[in-house]
Amino acid sequence: MSKILFVVTGADHWTLADGTEHPTGFWAEEAVAPYEAFKAAGHEIVVATPGGVVPTVDQGSLAPEANGGQEGADRVAASLAAFTELRRPVELADVDLADYAAVFYPGGHGPMEDLAADPESGALLVAALEAGTPLGVVCHAPAALLAAVKGDGSNVFAGYRMTGFTNAEERQAGLAERAKWLLQDRLVEMGADFQEGAPWAPYVVADRSLVTGQNPASSAPLAAELLKKLA
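Residues numbered from 1 in each chain as written. Predicted model: local features only at pLDDT ≥ 70, side-chain atom pairs only at ≥ 80, totals over all residues. Heavy atoms only, no water.

> How should I be thinking about helix α1 (residues 28-40) in this particular structure?
Side chains three or four residues apart in an α-helix point the same way, a direct result of the helix having 3.6 residues per turn. For α1, which comprises 13 residues, the first-to-last C-alpha distance of 18 Å matches the rise-based estimate of 18 Å (1.5 Å per residue) to within 8%. Where α1 is concerned, the buried positions are Ala28, Glu30, Ala31, Val32, Ala33, Pro34, Tyr35 and Phe38. In this structure, the buried side of α1 is in contact with β1 (3-7), β4 (44-49), α2 (70-82), β6 (102-105), β7 (135-138) and α7 (219-230). Immediately beyond the C-terminal end of α1, within one or two residues, lies Gly42, with a positive phi of roughly 95°. (Helix = DSSP H or I, 4+ residues; strand = E, 2+ residues; numbered from the N terminus. Expected span 1.5 Å × (residues − 1). Buried < 20%, exposed > 50% of the residue type's maximum accessible area, 1.4 Å probe, protein only. Contact = heavy atoms within 4.5 Å.)

This is the structure in structure tokens:
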């Protein structure tokens, strides 16, 4: 049985352009759908966060309207309760990449607050890329790729095809005009070959060892693609 590392945001808010702290964290579906897929395939899950803090779930991700109705919301809540590893994370600084067969980053706006500038996460991503370790990153979590810089300041993911939460989706979610920066814009600025699917529809892009998903609906398809790499 292989171990898969989940790197989860430790932030419980996202600071907007006017200084307002928008409550957030990780997005439930983006954590539980891959978790269930990986566990069903026989893998062990370890959660790591900056400082080893217990991660906060974005309450909006538990609402019926975010899960196709009350039945879906109940299912996600039950899956989240079963994801006990979330309640005992290790410190990101203590992670040894050699212990893991793959690394996965769930989204939510939280990564925009902390992982986008976290040097320990950035170093882990650089090491994962150099080692060819399968790496899955979904929705807002590609913000973490911004911290994956070399000594000369260039980003190791420059030139990679990838996707993430789009400007169109951020506008439709109602936060684009209030944000300090938009994920799609920053990924393009760092040199990524950004690929964009239809808003809110599943869309996954694989390039070498990197697999990225555009939005919450892309979580399960991304997990399936990552499992193919592990096979």
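> Could you clarify how one ought to interpret the pairing of β4 in this entry?
Each regular strand shows side chains that alternate between the opposite faces of the sheet. Burial analysis of β4 places five of its six residues in the buried class, which makes it a mostly covered element. Two strands pair when backbone bridges link them, and β1 and β4 are joined in this way by five bridges, in the parallel orientation. Paired with Leu5 across the two strands is Val46, which belongs to β4. Pairing analysis gives two bridges linking β4 to strand β5 (residues 90-91), with the strands arranged parallel. Along β5, the bridge assignment pairs Thr49 with Glu91. Once the chain exits β4 it traverses α2 before rejoining the sheet at β5, and the crossover so formed is right-handed. (Pairing = 2+ DSSP bridges. Right-handed = clockwise from strand over helix to strand, strands pointing away.)

> What exactly am I supposed to notice about the packing of aromatic side chains here?
How two aromatic rings sit relative to each other is set out by the distance from centre to centre and by the angle between their planes. What the rule picks out here adds up to seven aromatic pairs. When the centroid spacing of 3.8 Å and the interplanar angle of 15° are considered together, the rings of Tyr35 and Phe83 count as stacked. With Tyr35 in helix α1 and Phe83 in the loop between α2 and β5, this pair connects stretches of sequence that are 48 residues apart. Within the aromatic cluster, the residues linked to one another by ring pairs are Phe6, Tyr35, Phe38, Phe83 and Phe104. Positioned over the ring face of Tyr160 is Arg208, at 3.6 Å from the centre of the ring. (Phe/Tyr/Trp six-rings, centres within 6.5 Å; stacked < 30°, edge-to-face > 60°. Lys NZ or Arg CZ within 6 Å of the ring centre and 35° of its normal.)

> So what exactly am I meant to see when it comes to the packing of α1 against α7 here?
Any two packed helices are characterised by how steeply their axes cross, that is the angle between the axes, and by the distance between the axes. α7 packs onto α1 with a crossing angle of 35° between their chain directions and a minimal axis gap of 8 Å. Crossing angle aside, the handedness with which α1 passes α7 is right-handed. Of α7, the residues touching α1 (which contributes Glu29, Glu30, Ala33, Pro34, Ala37 and Phe38) are Ser219, Ala220, Ala223, Leu226 and Leu227. In the contact of α1 with α7, the residues fall into eight nonpolar, one polar and two charged. (Axes fitted to C-alpha atoms, helices over the stretch in contact; angles between N-to-C directions. Left-handed = near helix turned anticlockwise from the far one by under 90°. Nonpolar A, V, L, I, M, F, W, Y, C, P; charged D, E, K, R; others polar.)

> How should the sheet that holds β7 be read in this particular structure?
Strand-to-strand pairing in sheets goes through backbone hydrogen bonds, with the strands running parallel or antiparallel. Ordered by their spatial adjacency, seven strands build an open sheet running β5-β4-β1-β6-β7-β11-β10, and the pairing between neighbours is mixed. Of all strands in the sheet, those with a lone pairing partner are β5 and β10 (204-207), marking the two edges. Bridging between β10 and strand β11 (residues 210-213) involves four bridges; their strand directions are antiparallel. Within β11, the position partnered with Val204 by the bridge is Gly213.

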